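# Descriptive analysis of the structure
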Amino acid sequence: MKTIFHVDMDAFFVSVEELFDPSLKGKAVVVGGPKDARGVVSAASYEARKFGVHSALPLRTAAKLCPHAIFLNGHPDRYRDYSHKVHGVLNEFSPKVEMASVDEAYMDLTGTERLLGPPLQAAHRLHLRMKQVTGLNCSVGIATSRLVAKVSSDQAKPNGILWVQPGLEANFLAPLDVRRIPGVGKVTEQKLKDYGIRKVGDLARLDEPFLRRRFGQWGLALAGKSHGMDAGSWFDGDIGDNDDPKSISHEHTFDTDTAEPMELEATLARLAEKVARRLREHEFHANIVHLKLRYKDFTTLTRSKTLPQSTQLDHELIAESRHLFRQAWDGKTPIRLIGTGVSGFEAHEGQLGLLDSEKNQRARQALAAVDRIRDKYGEKSVKLATGLTADHAERVHENPVGLPGKGPRDKSK
DNA sequence: TCTGGGGTCCTAGGACCC
DNA sequence: TCTGGGGTCCTAGGACCC
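Since we're looking at a predicted model, the values are computed, not measured. (Residues numbered from 1 in each chain as written. Chains lettered and ligands numbered in written order. Predicted model: local features only at pLDDT ≥ 70, side-chain atom pairs only at ≥ 80, totals over all residues. Heavy atoms only, no water.)

### Some thoughts on the UniProt feature "active site" (unreviewed entry) in chain A
Worth spelling out the cut-off: UniProt positions are given in the numbering used here, feature names are shortened, and annotations may be inferred rather than shown by experiment. Helix numbering and strand numbering both begin at the N terminus, where a helix is a DSSP run of H or I of at least 4 residues and a strand a DSSP run of E of at least 2. Any two residues whose heavy atoms approach within 4.5 Å at even a single point are treated as in contact.
Under the UniProt annotation, the feature "active site" (unreviewed entry) is placed at Glu 104. By secondary structure assignment, the location of Glu 104 is in strand β6 (residues 104–108). Residues within four places of Glu 104 in sequence aside, it is in contact with His 6, Val 7, Asp 8, Glu 98, Met 99 and Lys 150.

Right, dumping it as C-alpha cells:
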C-alpha cells in the first residue's frame, strides 16, 4: 500500500507576485496580461475569484467581471525560480518527487513513517517548511493513488491538508462531479451526462461491458478511476522517473490576424530558432518537425514531417517549418496563430560525426558561439539573420554573430 | 465571453513489411 | 483470383492539463 502526496501551490503566480509587491495582498489580482489584450487569465487571486474570474478565462471577460482588478503580465522567470525552490523543499521529505507542472508535484512517501511520522504529521511539517523557505502556501492531498491524492489536494484548497485513508477512496470520490476526475473535461462530461451520469458514484455503479461498448478503452480507464485507481497509462510508473521532455514547441498569437507572408515567415523563423536553442540545451536531436496554424474562426490545422536525419540546427528547423507552412497555407487567409515544434528525440552524437557535412559542422560551431553569448548577455544580445529567405547556413558562416544593428538584418529586398 | 502558450496522451487510417 | 493477420511507422486531429 503506497502513500502518495500531491502538493499543489495556492494561486501560485499571484502569490509569487505578492512576495515581490506585498501591496497586492488581499486585492483582486489577475496574471495573464493587460485587460484589453488578446489572451487568457493564467492565475487569479482569491479576491478576484469572488467575481467569477478564473484561469483560462479571456482577459477581456475578466475585465468586465472585475473592472477594479489589477492586471499583471507576470514574471515567468520568477515562477521558474520559485518552482525550483518548491522542488527543493519537497526533496527534503522524499527522494521520489515528480514535478507535474511549475506549481504542483507528486511525492512517494511510502515507508517514511519512522522518519517523518504518520502522513498527516509529515504533511503538516511539509506545510510549515514550505512557508518558511518559500513564503508560499500549498495544499496537500494524501492517498494511496496519484488520482485520489490529486483530487483530495483540490478539495483541501486553500492552504489545507486532506488525507483519504486506505479503503475509503471510492466513498470519497462518489459524491463528486465526474468533472473532478483528472482527464474528464467538458466533452467527456457532456457525453456522460447524456447517459445520466453526473457523479463519480454513478460511474462506479456501471458495469464494465457497458463502459467498454460506449467509450472503448477510455471507458475501462474511467471505471478504474471512479474507484480511485490510477487506471490507464497516464499515471503508470514510479514517481520520479519522468524527466525528459517528449516535445518542444513555441507558438505566437498575433495582436491582429495577418496575411503578410513576410511577417508570418519571420515570426516562424524566430520561433524555430527558440525551439532549436532549447534542443541544444537538452543536447537532443529531433527527427519530427511540426507546424501549427490557427485562423480567425479558430479552426486549427497541424502538419508534421519526419526527417530522414535528426537535427538540432536553426537553419534546418527554419527551412523545414517554412516548407510545411508554404505547403499548408493558401497565401491569403488571415492567420491568428503560428507555431512550430519538434518531437522524436534522440540523445545521440557520435556515429554521425563522420557523416556530418562540413557545412553543418561550421553551422554547429557558430551556433554554439551564439548560445554562449546569449547565456552571458541575454537572449536579445545576438540576432541571427533568420527572417531571410536565403541560404541560412551560408549566412551563418559569413556572419555568425551579428550584434544588433550590425548583422544582416534587411529582411525585405 | 471570444478564446495564450507549453505540454501529454489517445485514436485512426493508410503505408509498408513479414 | 481472391484475399490472411499482425506490427510498426507516419500523419492529422482532438481531448485534456496547468
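Don't stop here, the text continues.
### Re the pattern of salt bridges
Rules: The term salt bridge refers to a side-chain nitrogen of Lys or Arg lying within 4 Å of a carboxyl oxygen of Asp or Glu. Throughout, exposure labels follow a simple rule: accessible area from a 1.4 Å probe, protein chains only, divided by the maximum for the residue type, with under 20% read as buried, over 50% as exposed, and the rest as partly exposed.
Counted according to the given criterion, the structure contains 18 salt bridges. The partner of Glu 189 in a salt bridge is Arg 179, with the nearest N and O atoms 3.6 Å apart. Here the residue Glu 189 occupies a position in helix α9 (residues 186–194), and Arg 179 occupies one in the loop between α8 (169–173) and α9, the gap between them amounting to 10 residues. Since its relative accessible area comes to 36%, Arg 179 is described here as partly exposed. Taking the shortest distance from any N to any O, the salt bridge between Lys 292 and Glu 251 comes out at 3.2 Å. A residue pair is termed long-range when its members are at least 10 positions apart, and Lys 292 in strand β10 (residues 285–295) and Glu 251 in strand β9 (residues 247–258) qualify at 41 residues. Within this structure, Lys 2, Lys 96 and Asp 238 form a network of salt bridges that share partners.

### Here we look at helix α13 (residues 314–328)
The periodicity of an α-helix, 3.6 residues per turn, causes residues three or four places apart in sequence to face the same way. Using the following cut-off: Here the expected length of a helix is defined as 1.5 Å per residue gap, with one fewer gap than residues.
Helix length check: α13 (15 residues) gives 21 Å between terminal C-alpha atoms against 21 Å at 1.5 Å per residue, within 8%. Among the residues of α13, Asp 314, His 315, Leu 317, Ile 318, Glu 320, Ser 321, Arg 322, Leu 324, Phe 325 and Ala 328 are the ones counted as buried.

### Here we look at the protein's contact with DNA strand C
How we decide: A cutoff of 4 Å decides nearness: a residue is near a molecule or strand if any of its heavy atoms lies inside that distance of it. Polar contacts, as used here, are pairs of N or O atoms within 3.5 Å; protein pairs need one atom able to donate a hydrogen and one able to accept it. Residues neighboring in sequence count only if both atoms are side-chain atoms.
Around DNA strand C there are 18 residues in total, and Asp 103, Lys 150, Thr 188, Ser 304 and Thr 306 lie nearest to it. A breakdown of the atoms of DNA strand C within 4 Å of the protein gives sugar and phosphate a share of 100%. Measuring from a phosphate oxygen of DNA strand C, one finds a side-chain N or O atom of Thr 188 at 2.6 Å. Here Thr 306 contributes a side-chain N or O atom positioned 2.4 Å from a phosphate oxygen of DNA strand C. Of all elements in the fold, only α9 and β11 (300–311) reach the threshold of two or more residues within the surface near DNA strand C.

### Notes on unusual backbone geometry
Omega for the peptide link from Lys 157 to Pro 158 comes to -10°, which places this bond in the cis form. Positive phi, close to 80°, is recorded for Ala 56, a residue that is not glycine. Looking at the secondary structure, you find Ala 56 in the loop between α2 (46–49) and α3 (59–65). For Ala 56, a relative accessible area of 54% translates into the label exposed.

### Points about the sheet that holds strand β2 (residues 29–31)
This is how it is decided: By the convention used here, strands pair only if DSSP detects at least 2 bridges between them. Axis lines are fitted through C-alpha atoms, for helices just across the contact stretch, and the angle between N-to-C directions can take any value from 0 to 180 degrees.
Spatial strand order, β3-β2-β4: three strands in an open sheet with mixed pairing. Whereas interior strands pair on both sides, the edge strands pair on one side only; in this sheet they are β3 (43–44) and β4 (70–72). When β2 meets β3, the two strands line up antiparallel, connected through two bridges. Residue pairing for β3: Val 31 is matched across the bridge by Ala 43. Relative to the sheet, helix α1 (residues 12–20) contacts β2, β3 and β4, its axis offset from that of β2 by approximately 115°.

### A few points about the UniProt feature "binding site: Mg(2+)" (unreviewed entry) in chain A
Mapped onto this numbering, the UniProt entry gives "binding site: Mg(2+)" (unreviewed entry) at Asp 8 and Asp 103. These annotated residues cover 96 residues of sequence, and their C-alpha atoms all fall within 6.1 Å of one another, placing them together at a single site. Of note, Asp 8 is situated in strand β1 (residues 4–9). Since its relative accessible area comes to 11%, Asp 8 is described here as buried. Setting aside residues no more than four positions away along its own chain, Asp 8 makes contact with Asp 103, Glu 104, Cys 138, Ser 139, Ser 153 and Lys 157. Tracing the backbone shows Asp 103 in the loop between β5 (97–101) and β6. The exposure class assigned to Asp 103 is buried, which follows from its relative accessible area of 19%. Those residues in contact with Asp 103, other than ones at most four positions away along the chain, are Val 7, Asp 8, Met 9 and Phe 12.

### Looking at the packing of helix α4 (residues 76–93) against helix α6 (residues 119–134)
Stated formally: By definition, turning the near helix anticlockwise from the far helix through less than a right angle yields a left-handed crossing, and turning it clockwise yields a right-handed one. Any residue outside Ala, Val, Leu, Ile, Met, Phe, Trp, Tyr, Cys, Pro, Asp, Glu, Lys and Arg is labelled polar, Gly included; the first ten of those are nonpolar and the last four are charged.
Close contact between α4 and α6 brings their axes to 10 Å; oriented N to C, the two are set at 145°. Viewed along their axes, α4 and α6 form a crossing whose handedness is right-handed. For the pair α4 and α6, the contacting residues are Tyr 82, Lys 85, Val 86, Val 89, Leu 90, Glu 92 and Phe 93 in the first and Ala 122, Arg 125, Leu 126, Arg 129, Met 130, Val 133 and Thr 134 in the second. Of the residues assigned to the contact of α4 with α6, the class counts are nine nonpolar, one polar and four charged.

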